[in-house]
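# Breakdown of the fold
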Amino acid sequence: SNSNCNKVNTSNQSTTTTIAIFGCGGLGLACIMIAAAAIQNYYHDQEARVSGSSSTTITNTASTTRDIAKIIAIDVSPQALQKATELGATHTVLVPRLTSDTNEHAQAQAVQQQVKNLTPHQFGIDLSVDAAGFAPTCENAVHCTKPKGRMIQVGLPIGSSSSSSSGGSSRLPNIPMGLVAGKELELVGSHGFSSDQDLAELLQWVAKKRIDPERLVERTVSLQEGAQAIQDMDHGSPLGMTIVTEFRSQKDIEYQEPATTKTRTSRL
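To keep things clear, this report deals only with the structure shown in the data block. (Residues numbered from 1 in each chain as written. Predicted model: local features only at pLDDT ≥ 70, side-chain atom pairs only at ≥ 80, totals over all residues. Heavy atoms only, no water.)

### Here we look at the pattern of salt bridges
Under the criterion given, the structure shown has five salt bridges. For D126, the salt bridge identified is with K146, shortest N-O distance 2.5 Å. One end of the pair, D126, is in strand β4 (residues 125-130); the other, K146, is in strand β5 (residues 145-153), and 20 residues separate them in sequence. What makes D126 buried here is its relative accessible area of 16%. (Salt bridge = Lys/Arg side-chain N within 4 Å of Asp/Glu carboxyl O. Helix = DSSP H or I, 4+ residues; strand = E, 2+ residues; numbered from the N terminus. Buried < 20%, exposed > 50% of the residue type's maximum accessible area, 1.4 Å probe, protein only.)

This is the structure in C-alpha cells:
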C-alpha cells in the first residue's frame, strides 16, 4: 500500500534509502511509481519546512530520485525493466531465466548478490517488496532485506499443484524464519489499500501530478479480449496494465446500430 512506501526510514539523510521491487508486472510497476513519488514527496516536504514554502516543484524522474534513494527493479524481462526505469527505477537487475545448465539455487544466489552490491557496504535493502508472488521472488526479497529492514508481500504466493517452467514459481515459498528472527526483519502483508487513508492520499498525488496512473496502462481491450488476456497470463506477464474499456460484444454493437438508424429514419 501507499502508506508502506511512506514508512520507509528516510530520516537519516547521511545514508541512501534503498528500495527493491521484485517483479515488474503491472503491480510492480505501480509500486515503483509510488516509491519514487513517496521518496520525492518526503524530501519536498522537508525542503518546504526549511524554506517555509510549499511551492517547490517536484519532477518525478529517476534522475532526481537517484540523488536521494536507490529504487531497484528486479525482473526476468528486459522490456519490463526498461518500463520500470521510465517510471522511476534508478537501478535494474535482470534475472537470468532458468535453463538446463542452471538451477534455482544458483539463480537466487546470483540475484541476491547483484541486489546487495547496489546497497551501501552490501548491507542489504531498507525496504523490499515482492510484487510478483512467486516463491523465488518472495524468498529473494527476504534474503535481500538488511537487518531491521522491512519486507512487504504484495503479490499472492499461493503456489500451485502443477509444475512450472518459470523457475519454481509453482511452489510455495520457503521463508527462513531463523533469518527473519536473527536479522529482526519486519514482514508485512499488503492486500489492497485503506480507502479512508491510502486512496485519499493517492488521489491527492494524482491531482498534484506527482503520479500519473495512465503511464501504467499498456493497452485497453474489450470484455471478450480481457478474458483472453487473463488466460494469456498463464504464459507470461503483460507489460504494464491491461484495462477493459468496452463492455459490449461486437454482436451487441452490430445489433444496436441498425436499430438506431431505423428509429432516426422513421422520425424523418
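### A closer look at unusual backbone geometry
Residue H121 is not a glycine yet carries a positive backbone phi of 60°. Even without being glycine, E184 reaches a positive phi, approximately 55°. Residue position: E184 is located in the loop between α7 (177-182) and β6 (186-189).

### Quick look at the nonpolar core
In this structure, I21, C24, L29, I32, A73, A84 and V129 are the most contacted members of the largest nonpolar core, which totals 33 residues. Beyond its immediate chain neighbours, meaning those up to four positions away, I21 contacts G28, C31, I32, I72, A73, I74, V129 and A131. (Core = buried A, V, L, I, M, F, W, Y, C linked by side-chain atoms within 4.5 Å. Contact = heavy atoms within 4.5 Å.)

### Some thoughts on the environment of L156
Assignment of secondary structure puts L156 in the loop between β5 and α7. Setting aside its immediate chain neighbours within four residues, L156 contacts G133 and H191.

### Concerning the sheet that holds β5
If you trace the six strands from one edge of the open sheet to the other, you get β3-β2-β1-β4-β5-β6, paired in parallel fashion. Both outer strands of the open sheet, β3 (91-94) and β6, are each paired with one neighbouring strand and no more. The sheet shows a mean angle of 15° between the axes of neighbouring strands, direction not considered. As judged from the four bridges shared by strand β1 (residues 17-22) and β4, these two strands associate in the parallel manner. Opposite I21, over in β4, you have V129 as the bridge partner. This element, helix α6 (residues 135-144), spans β1, β4 and β5 of the sheet and lies at about 150° to β5. (Pairing = 2+ DSSP bridges. Axes fitted to C-alpha atoms, helices over the stretch in contact; angles between N-to-C directions.)

Purely spatial values, then, with no claim about function.
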